[in-house]
Every structure is written in structure tokens, then in C-alpha cells.
Amino acid sequence: MASPNLQPIRLIPGEVAKPPSPGMALCLSGGGYRAMVFHLGALLRLNEAGLLKKLNRVSSVSGGSITAGMLGLRWNALTFNTQGVATNLVDAVVKPVLDLADHTLDVISIVEGVISPFKSIADEIADAYRNHLYGHATLQDLPSDSQGPRFVINATNVQTKVLWRFSKPYMGDYRVGLIKNPTLELAVAVGASSAFPPVLSPVELKLHSEQFDPTTAGDLQKPPFTTNAILSDGGVYDNLGLETAWKEYDTILVSDGGGLTADDPHPHTDWTRHAYRILELLDNQVGSLRKRWVVGSFQAGLRKGTYWGIRTNIADYAVSTPLNCPFAATTELANTPTRLSAMGENLKQRLVNWGYAVCDAAIRKHVDPTIPVGSFPYTGGV
């Protein structure tokens, strides 16, 4: 039964909600390297099923933005066959991102950012993304709307309390306004989206007021909001990367590689660590509410599509011939720490396999039951 309390998201106060357009969007959650690699498996399965090429939008936050940024940068180099399958996705996107997971970025960037008199921790993270993935590519190197999906990389504007969006057509938020056709480096945009608080956050963008389109002015199109944007991880506001896709399209695919705050029988009582624990609980609750909201909205018929998560029990989809994914093994993978910390080859392959397998079950159950069952990208399963 549809719930009368479920309503379409409204991003701007007083905005009149419009019906979604026909089209398909993919949302990639945060979760550090764990989510980044998990999403690669989902991309492989969506590609095999011919769904990757059908996407109209890719919306991402945090660790999901690392993967989305590489997919967007290489989109125009992908070779799609007559079945709409990119035959070079592994070489163009998957392998470079997996290679990044061989390197620890968080601790090294923190140390170098603390001791450097010239660079912040956020600068060090952006440098690492330049060196390993994006080079000096900018948002203008993403595909245009006529070439492929629009890639929207989301950060949180700490000043205005709303999502700050990076894309090829614009960057900004509805309260400050938009900078059209931004030439910001992709490494900086992904760095802002994945600036996990408290240590990798904030990212400070030095801007000029005249860059903002006055026709997009919100209530805060004035200094210092237009001269110095203070940004944090996109997951602070929306850890599923949902809002920038949900508002636009009628079919939503959600890949969730997010973490879960662990139980703690003896939580710290000193104010610093206790405050951090409370922030973890708040983040966990917001993420849980988002998940329940999106699944409930599918059930209520507000949108078509499906959700799959790193903590999902694949048996819950009740599809014929699911790939063999014991819940104990996938729970172990889901408990991989939310870090930008080097992973071994075995862990990377297991996470790719799990992202592939749970996406396979989700799309065969809720998107197209005629899609043939897939097979693990790597031997060994999960």
C-alpha cells in the first residue's frame, strides 16, 4: 500500500514539485575506498546488462565520486558495441580506480598537510587524485548532455547547509547561485566531495563574485558566500547522492556502499570522543532514514528502479539463480573501514564481485527480469 506521507523531494523552499522526466539515473554513495571499489562491480554489471549506456545522470558523493569522476572523464573514450555494452570499460575505468586502491591517501595527506606551510590536507588529497587518476582534467572534460549522462559530483556547503553541485554545465548551490561552464579541476571537485570530516574537511574554494550568474541568484549571492566557498564531504548532506537525481528522473538506481556505526559497549565519556560518537550516531540515523525513504518510495510507486547495498542479504531479492554470496562473507566486506587506505588484491576483487552480484540480483528483480544472470568478474567469489 502506498504511504500518504511519501512526497517527492523539494530542494528549494516554496518550489513547486514537477513530475519526473522519463529517464534513468544512477546514484553512487559514499564510503571511502570500500564504496569506490564496490561501485566498480555495479558498473560492470550495469554495463553487461546494457543499462550503463542508457543512463541520463550519474549523481555521486564521497567515495562514489572517485569512481564517478573516472567514469565521466573516460566516458567519451568508451567503445559501445551494437548491444550498448562498453567493451573497454575495464581498461578505461575499472583498472585505474583499482590501482588507486593500492595507495593510502588519507594518513599520508593528513601528515603532509599538517607539516606543509604551503598546502592544506585538502590540497594534498587533490594532488593525489591528480597524480593517480584525473591529471589536470577539468569539469569541462566530462561529457555533455548530448554525449552521455550528466555527471553531478556533490559536496556539502558548510556555509549554506545545502548541496554544492559540480557538473559540466555549472557548479554552485541554489542559495548562492551558479557558476556556468566551470573550469575547476576534476581532482578538486572530487576532493571536495570526498572530504570526510573531521580530518579531510573542509575544502576552501577561492571564487570571484562576478563568476556567478546573476539570473541564478539565491538569498546568499553576496560575499563571503561568493568569494570563499567552504565545502565538506557530500555525504554530510546526502550519503546516497540521491537528491540531484530523484528530482529529475522516473527511474533511479541506488548503489550504497556506505558504512554502519558499530555498537560500542563502552563509549568514551570525555567530551571530545563522546561528541565524535554522537556525530557518528547522527550520521548513521540520517543514512538509515534516507535508505528507508528511497525503498519505501519504490514500494509506493513514486519512482521506478531499485536499491542495492553493501549490507544487503542477497537472499532478500528472492531471484532465481543468485550468485553465491554468503551473508557472513558479505557482512565482513561491509565492515571494511571507511578509509582511503591501501587494499590488498584479494579484498579489492571480493568487493568488486560483491558489488556485481548484488547489483545483478537487484536489477533482475526490480528493473528487467529478462536480464540473464551474470557471473563474477573475478574467480573466488566473495
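Q: Outline the overall build of the protein, listing residues and values.
A: When you go through the protein residue by residue, the secondary structure sums to 10 helices and 10 strands. The C-alpha atoms of the protein give 20 Å as radius of gyration, which agrees with the globular expectation for 382 residues (21 Å, within 12%). If you line up the protein on its principal axes, its C-alpha atoms span 60 × 45 × 45 Å. For the protein, buried positions account for 56% of its 382 residues. Pairs at least 24 apart in sequence give 75% of the contacts found in the protein among residues at least 6 apart.

Q: I'd like a rundown of the nonpolar core, residues and numbers included.
A: Counting 95 residues, the largest nonpolar core has Tyr 129, Tyr 134, Phe 166, Leu 205, Trp 308 and Trp 354 as the members making the most contacts within it. Take this core: its biggest share by element is 10 residues, from helix H10 (residues 345–366). If you look at the next biggest cluster of nonpolar residues, it comprises 12 residues, including Ala 245, Trp 246, Tyr 249 and Phe 298.

Q: Kindly report on the pattern of salt bridges, identifying the contributing residues and their values.
A: In the structure shown here, the tally under the stated rule is 18 salt bridges. Ionic pairing is found between Glu 185 and Arg 130, a salt bridge with its closest N-O pair at 2.3 Å. Residue Glu 185 is found in the loop between strand S6 (177–180) and helix H6 (186–193), and its partner Arg 130 is found in helix H5 (residues 121–134); the two are separated by 55 residues along the sequence. Judged by relative accessible area, which is 18%, Glu 185 ranks as buried. When the shortest N-O distance is used, the salt bridge between Lys 304 and Asp 250 registers 3.6 Å. Here Lys 304, found in strand S10 (residues 304–309), pairs with Asp 250, found in strand S9 (residues 249–256); they are 54 residues apart in sequence, far enough to count as distant.

Q: Tell me about unusual backbone geometry, and please be specific about residues and values.
A: Only a minority of non-glycine residues have a phi that is not negative, and only a minority of peptide bonds are not trans. Cis geometry is adopted by the peptide bond preceding Pro 198, which originates at Pro 197 and carries an omega value of 5°. Considering the arrangement of structural elements, one finds Pro 198 in the loop between H6 and strand S7 (203–206). With an omega of 5°, the peptide bond between Ser 201 and Pro 202 qualifies as cis. Inspection of the secondary structure assignment puts Pro 202 in the loop between H6 and S7.

Q: Account for the packing of aromatic side chains, with residues named and values stated.
A: Here the structure, examined in full by the defined rule, presents six aromatic pairs. Ring centres of Trp 75 and Phe 80 lie 5.5 Å apart, and the angle between their planes is 50°; this geometry places the pair in the tilted category. Between Trp 75 and Phe 151 the ring centres are 6.2 Å apart and the planes differ by 65°, which places this aromatic pair in the edge-to-face class. Placement of Trp 75 in the loop between helix H2 (63–74) and helix H3 (89–100) and of Phe 151 in strand S3 (residues 150–157) is noted, with a sequence separation of 76 residues between them. Taking the relative accessible area as the measure of exposure, Trp 75 reaches 5% and is therefore buried. Under the relative-accessibility criterion, Phe 151 is labelled buried at 2%. One aromatic cluster in this structure is built from Trp 75, Phe 80 and Phe 151. In this arrangement the basic side chain of Lys 53 is found over the ring face of Phe 80, its NZ or CZ atom lying 5.4 Å from the centre.

Q: Summarise the environment of Thr 138; cite the residues concerned and give the values.
A: Its place among the elements puts Thr 138 in the loop between H5 and S3. Assessed through its relative accessible area of 17%, Thr 138 is described here as buried. Residues Thr 138 and Leu 253 lie 115 residues apart in sequence; the distance between their C-alpha atoms is 26 Å.

Q: If you had to explain helix H9 (residues 327–334) to someone new, which residues and values would you point to?
A: Within H9 the residues assigned to the buried category are Ala 329, Thr 330, Leu 333 and Ala 334. Mapping the buried residues of H9 onto a view down its axis gives an arc of 145°, with all of them on the same face. Packing partners of the buried residues in H9 comprise helix H1 (32–48) and H10.

Q: Can you explain the environment of Gly 72? Please cite residues and give values.
A: Residue placement: Gly 72 occurs in helix H2. Those residues in contact with Gly 72 that sit more than four places away from it in its chain are Asp 141, Leu 142, Pro 143 and Phe 151.

Q: Describe the side chain of Ser 62, listing the residues and the values that go with them.
A: You can see Ser 62 is positioned in the loop between strand S2 (55–61) and H2. Discounting chain neighbours no more than four positions away, the residues touching Ser 62 are Gly 30, Gly 31, Ser 193, Ser 194, Phe 196 and Asp 233.

Q: I'd like a rundown of the packing of H9 against H10, residues and numbers included.
A: Where H9 contacts H10, the two axes come as close as 10 Å, and the packing angle between them is 115°. The handedness of the crossing between H9 and H10 is left-handed. Residues Ala 329, Thr 330, Glu 332 and Leu 333 of H9 touch H10, and the partners they reach there are Leu 347, Arg 350, Leu 351 and Trp 354. Residue composition of the contact of H9 with H10, grouped by class: five nonpolar, one polar and two charged.

What counts as what
- Residues numbered from 1 in each chain as written.
- Predicted model: local features only at pLDDT ≥ 70, side-chain atom pairs only at ≥ 80, totals over all residues.
- Heavy atoms only, no water.
- Helix = DSSP H or I, 4+ residues; strand = E, 2+ residues; numbered from the N terminus.
- Rg over C-alpha atoms; globule rule 2.2 N^0.38 Å.
- Buried < 20%, exposed > 50% of the residue type's maximum accessible area, 1.4 Å probe, protein only.
- Contact = heavy atoms within 4.5 Å.
- Core = buried A, V, L, I, M, F, W, Y, C linked by side-chain atoms within 4.5 Å.
- Salt bridge = Lys/Arg side-chain N within 4 Å of Asp/Glu carboxyl O.
- Phe/Tyr/Trp six-rings, centres within 6.5 Å; stacked < 30°, edge-to-face > 60°.
- Lys NZ or Arg CZ within 6 Å of the ring centre and 35° of its normal.
- Arc of directions from axis to C-beta.
- Axes fitted to C-alpha atoms, helices over the stretch in contact; angles between N-to-C directions.
- Left-handed = near helix turned anticlockwise from the far one by under 90°.
- Nonpolar A, V, L, I, M, F, W, Y, C, P; charged D, E, K, R; others polar.

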